[in-house]
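Geometric and topological summary
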Amino acid sequence: MTFDPEVAARFRARRRILNDAIVLTTRLLSLSFLPWPEEHAPLLGKLLMGAMAVTVVPMLLVWRCP
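Residues numbered from 1 in each chain as written. Predicted model: local features only at pLDDT ≥ 70, side-chain atom pairs only at ≥ 80, totals over all residues. Heavy atoms only, no water.

A tally of regular secondary structure across the protein chain gives two helices and zero strands. At 17 Å, the protein chain has a C-alpha radius of gyration far larger than the 11 Å of a compact globule built from 66 residues. In terms of overall dimensions, the protein chain has C-alpha extents of about 60 × 15 × 15 Å along its principal axes. Relative to its full complement of 66 residues, the protein chain shows a buried share of 17%. A sequence separation of at least 24 residues applies to 68% of the contacts in the protein chain between residues at least 6 apart. (Helix = DSSP H or I, 4+ residues; strand = E, 2+ residues; numbered from the N terminus. Rg over C-alpha atoms; globule rule 2.2 N^0.38 Å. Buried < 20%, exposed > 50% of the residue type's maximum accessible area, 1.4 Å probe, protein only. Contact = heavy atoms within 4.5 Å.)

Below, the structure written as structure tokens:
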């Protein structure tokens, strides 16, 4: 098996996209630990579902083994 710098560069770019999505989702999920008024619960639920989509969609689109 030979080392291909182009494949390695594409893998690093994909990993960077996935890591950015994970960081963003973690930050959004941390909002769930804040005290929220009861009337904002639906907003929090939508925010958390969006956070999960922000992580899962890029993972499905860009993540492949090198």
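Still more to cover.
In this section: the pattern of salt bridges. One pass over the structure, following the stated rule, counts one salt bridge. We note a salt bridge from E6 to R10, for which the minimum N-O separation is 3.5 Å. With a gap of four residues between them, E6 and R10 both fall in helix α1 (residues 5-30), about one helical turn apart. In this structure E6 comes out as exposed when scored by relative accessible area, which is 53%. (Salt bridge = Lys/Arg side-chain N within 4 Å of Asp/Glu carboxyl O.)

In this model α1 runs 37 Å from its N-terminal to its C-terminal C-alpha over 26 residues, within 8% of the 38 Å that 1.5 Å per residue would give. For α1, the set of buried residues is A8, F11, L18, A21 and T25. The secondary structure elements touched by the buried residues of α1 are α2 (41-62). (Expected span 1.5 Å × (residues − 1).)

Our focus in this paragraph is α2. The end-to-end C-alpha distance of α2 is 32 Å, a good match for the 32 Å that 22 residues give at a rise of 1.5 Å each. Tucked inside the fold, the buried residues of α2 contact α1.

Turning our attention to the side chain of T25. Relative to the assigned elements, T25 resides in helix α1. Leaving out residues up to four positions away in the same chain, T25 has contacts with A51, M52, V54 and T55.

All right, on to the packing of α1 against α2 then. As a packed pair, α1 and α2 sit with axes 9 Å apart at the nearest point and diverge in direction by 170°. One way to sum up the angle between α1 and α2 is to call them roughly antiparallel. Residues R14, I17, L18, A21, I22, L24, T25, L28 and L29 of α1 pack against L47, L48, A51, M52, V54, T55, P58, M59 and V62 of α2. Across the contact of α1 with α2, the residue classes break down as 15 nonpolar, two polar and one charged. (Axes fitted to C-alpha atoms, helices over the stretch in contact; angles between N-to-C directions. Parallel < 35°, antiparallel > 145°, perpendicular 65-115°, else oblique. Nonpolar A, V, L, I, M, F, W, Y, C, P; charged D, E, K, R; others polar.)

Any functional reading would require information beyond the geometric quantities listed.
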